[in-house]
Structures are given as structure tokens and as C-alpha cells.
Amino acid sequence: QKEVEQDPGPLSVPEGAIVSLNCTYSNSAFQYFMWYRQYSRKGPELLMYTYSSGNKEDGRFTAQVDKSSKYISLFIRDSQPSDSATYLCAMSSGPGNTGKLIFGQGTTLQVKP
Amino acid sequence: GAVVSQHPSRVICKSGTSVKIECRSLDFQATTMFWYRQFPKQSLMLMATSNEGSKATYEQGVEKDKFLINHASLTLSTLTVTSAHPEDSSFYICSAAGHNGGAFFGQGTRLTVV
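Residues numbered from 1 in each chain as written. Chains lettered and ligands numbered in written order. Predicted model: local features only at pLDDT ≥ 70, side-chain atom pairs only at ≥ 80, totals over all residues. Heavy atoms only, no water.

Novice: Looking at this structure, I do not really get the pairing of strand β2 (residues 10–13) of chain B. What am I missing?
Specialist: Note on strand geometry: in a regular strand, side chains alternate between the two faces of the sheet. Residues and elements named next belong to chain B. Judged by which residues are buried, β2 turns out to be one-sided: V11 and C13 face inward and are buried, whereas R10 and I12, on the alternate face, are not. Here four bridges tie β2 to strand β11 (residues 109–113), and the two strands are oriented parallel to one another. The residue bridging C13 from the neighbouring strand is V113, located in β11. (Buried < 20%, exposed > 50% of the residue type's maximum accessible area, 1.4 Å probe, protein only. Helix = DSSP H or I, 4+ residues; strand = E, 2+ residues; numbered from the N terminus. Pairing = 2+ DSSP bridges.)

Here it is in C-alpha cells:
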């Protein structure tokens, strides 16, 4: 079993839809949770960074962490064609300078105009 | 967000030659940098962790003599692919971590060995 599981998709939605992306994990030591967006042939871009359980909102993006269920989510409201990309969840047991990131496989999202 | 600059973005080299890739943190000091490799439609595979002023820690199966990592300052890490072969062709990405958490990625380098 992989430490982090993420449905690779692809996920196709119409413009304006709410998108839900999810990851599950098995290591209870993970404390730091991140979501990255990666466009083709580009490096990943940090979207959300959260510590421990709870919700965090930034514009159209909301990240949720449920440590009791070992489940994290990223919601995208009012999705746009420019949101079409691969979304990677990542997590670690320590902050960025001490904890090795473990990535999910990535979910490919396509938002159709 | 923090800016990490990676150079070059694309490089084509002949088999047997060496290629150096640079990763710079532009607006923060990066005590730790990570080097990843990514194959098409796959997630990132961590190759090594480099800490400023000390030797890099390589993941299992990564040849340290082939992938030389130097992290001589808090803003610069380099990855040198020595005696490159076609199977080394891949997308290489660095990330830099500051004290505030999170990891910020460079733009990636697409290496093609012919």
C-alpha cells in the first residue's frame, strides 16, 4: 500500500463547477499537508499549505484536513479552464526544511468551457 | 509565494557528457533543497536531499556518483548529471524549503540525452 493514495483521474468538469480533489494516507505522523498545481512541462506551484487538521481558504480554493480519517481535500469553486492541470497532494511529518515530502500520484483535471 | 529559479529549462546533450542544473532561491534562504525526477504522467520521485554545507542524502537506488549534488550556499544548489546516457533523459525539478514551512519548486529542467 502506498503511503499516499490519490485518484489519477482524469477528472473532467464544465466551467463553473465545484471540483473536489482528495487524498488518503496511512502514516499518522504526517502533520503538514500541501496541494500543488502542475501545468504540463512546468514545476509544481504551491497552492495551499496547512498544518494539522482543519480548513483553510484562499480565494476559490479551500483545503480541508481530517487527520482522524487520514483524508485531505481540495475544493475549487467556480472552476475555470485555466484550472486545467494536474493537482498533487503532498504531506510530511516535519515542516519544509526538515520533513521529506511524500506525493500523491496527481489528479489530472480538465475544465471545459 | 517564494521564488525558486531553476536553470536551464531545457538541455540537450550528447551521450557521455555531463550536465549541470542550477537551483536558486531568490527571496529566501533555503536551508534544505530537494531534487526530484519526474517521468511522463507520473508523480515526483525524490532523488536526494541536500543541506547547506553538508553532503547530500540520496534515496535508495539513486547513484550518488552519477548525480552529484552541491549545496554550497543558502541560495544555490546544483545537480550535475555525469556521463549522461539516454536513460537519464527526464524532467528534473528542484525544490527549496525555508524555515516557514512548505516547499517551493523550480520550473524544472527537461534533459534529453542523444
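On we go.
Novice: Any chance you could explain the sheet that holds strand β1 (residues 4–7) of chain B here in plain terms?
Specialist: Within a sheet, neighbouring strands are paired by backbone hydrogen bonds and run either parallel or antiparallel to one another. Residue and element names in this part refer to chain B. Strand order across the open sheet formed by four strands is β1-β3-β8-β7, with antiparallel pairing between neighbours. Strands at the two margins of the open sheet, each flanked by one partner only, are β1 and β7 (67–73). The average angle at which neighbouring strand axes cross in this sheet is 15 degrees, direction not considered. Alignment of β1 against strand β3 (residues 19–25), held across four bridges, turns out to be antiparallel. By the bridge assignment for β3, H7 is matched with E22. (Axes fitted to C-alpha atoms, helices over the stretch in contact; angles between N-to-C directions.)

Novice: Would you explain the state of the cysteines in this entry?
Specialist: Note on terminology: a disulfide is the covalent bond linking the sulfur atoms of two cysteines. Residue and element names in this part refer to chain B. A full pass over the atoms with the stated rule returns two disulfides over all chains. One disulfide bridge connects C23 with C94, the sulfur atoms lying 2.0 Å from each other. Judged by the sign of its S-S torsion, about 80 degrees, the cystine formed by C23 and C94 is right-handed. Highlighted residues: C23 in strand β3 and C94 in strand β9 (residues 90–97), separated in sequence by 71 residues. Owing to a relative accessible area of 0%, C94 belongs among the buried residues under this scheme. Unpaired in terms of disulfides, C13 finds its nearest cysteine sulfur in C94, a separation of 18 Å. Since its relative accessible area comes to 8%, C13 is described here as buried. (Disulfide = S-S within 2.5 Å.)

Novice: Would you take a moment to explain the interface of chain A and chain B for this structure?
Specialist: You'll often see interface size given as the accessible area lost when the parts meet. Across the contact, 19 residues belong to chain A and 24 residues belong to chain B. Counting every contact that joins chain A to chain B gives one salt bridge. When the shortest N-O distance is used, the salt bridge between A:K100 and B:E59 registers 3.1 Å. At the boundary of chain A with chain B, the tally comes to five residue pairs in polar contact (both at pLDDT 80 or more). Per-element tally for the side of chain A that touches chain B: the top contributor is strand β4 (residues 32–38) of chain A, with three residues. Across the side of chain A that touches chain B, the residue classes tally to nine nonpolar, seven polar and three charged. (Contact = heavy atoms within 4.5 Å. Salt bridge = Lys/Arg side-chain N within 4 Å of Asp/Glu carboxyl O. Polar contact = N/O pair within 3.5 Å; in protein donor to acceptor, adjacent residues only side chain to side chain. Nonpolar A, V, L, I, M, F, W, Y, C, P; charged D, E, K, R; others polar.)

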